[in-house]
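Spelled out from the first residue to the last, the chains are:
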Amino acid sequence: MNMELVYGFVPKAGSLDAMIEEKANELATKIVLRTSNTMKLEDQENFKERVEKAINERTEELKKEMPKILWD
């Protein structure tokens, strides 16, 4: 038949890179919003643009580091 049987897991996001981006963004959002909420309670709230920038920066860091917690 000249065929090869191949099976495996395929990310629902379409690609492994998209899946990593999604997971990193979710984790970064949790981390930044937790910190932002604490600052808000101390009357040191950040502007929305700063929070979004922090989430984007943290997402990039998580994608580079690929910590184990990203997959928990």
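Coordinates for the structure precede this section.
Everything in this summary refers to the structure shown in the same document. (Residues numbered from 1 in each chain as written. Predicted model: local features only at pLDDT ≥ 70, side-chain atom pairs only at ≥ 80, totals over all residues. Heavy atoms only, no water.)

The subject of this paragraph is the overall build of the chain. Scanning the chain from terminus to terminus reveals two helices and zero strands. Across the 72 residues of the chain, 17% fall into the buried class. When the accessible area of the chain is evaluated, it comes to approximately 6400 Å², of which 54% is carbon and sulfur surface. Across the chain, the 12 positively charged side chains and the 15 negatively charged ones have centroids separated by 3 Å. (Helix = DSSP H or I, 4+ residues; strand = E, 2+ residues; numbered from the N terminus. Buried < 20%, exposed > 50% of the residue type's maximum accessible area, 1.4 Å probe, protein only. Areas by Shrake-Rupley, 256 points an atom, 1.4 Å probe, with all protein chains shown as cover. Lys, Arg positive; Asp, Glu negative; His and termini not counted. Charge placed at Lys NZ, Arg CZ, Asp CG, Glu CD.)

Our next topic: the pattern of salt bridges. Enumeration over the complete set of coordinates arrives at five salt bridges. A salt bridge links arginine 50 to glutamate 57, with the shortest nitrogen-to-oxygen separation between them at 3.9 Å. Look at arginine 50 and you get partly exposed, because its relative accessible area is 40%. With a relative accessible area of 37%, glutamate 57 lands in the partly exposed category. A salt bridge links glutamate 61 to arginine 58, with the nearest nitrogen and oxygen atoms 2.8 Å apart. In this pair, glutamate 61 and arginine 58 both sit in helix H2 (residues 48-65), three residues apart, roughly one turn of the helix. Note on glutamate 61: relative accessible area 36%, which makes it partly exposed. Residue classification places arginine 58 among the partly exposed positions, given a relative accessible area of 24%. (Salt bridge = Lys/Arg side-chain N within 4 Å of Asp/Glu carboxyl O.)

Of all hydrophobic cores here, the largest spans nine residues; its members are Ala24, Leu27, Ala28, Val32, Val51, Ala54, Ile55, Leu62 and Leu70. At the level of elements, helix H1 (16-41) and H2 are the ones that each hand at least two residues to this core. (Core = buried A, V, L, I, M, F, W, Y, C linked by side-chain atoms within 4.5 Å.)

Before going further, it helps to examine the side chain of threonine 59. In this fold, threonine 59 is placed in helix H2. Separated by 3.5 Å, the side chains of threonine 59 and asparagine 25 make a polar contact. (Polar contact = N/O pair within 3.5 Å; in protein donor to acceptor, adjacent residues only side chain to side chain.)

Tracing the backbone shows serine 15 in the segment before H1. Residue serine 15 is classed as partly exposed on the basis of its relative accessible area, which comes to 32%. A distance of 3.1 Å separates a polar atom in the side chain of serine 15 from the backbone nitrogen of alanine 18.

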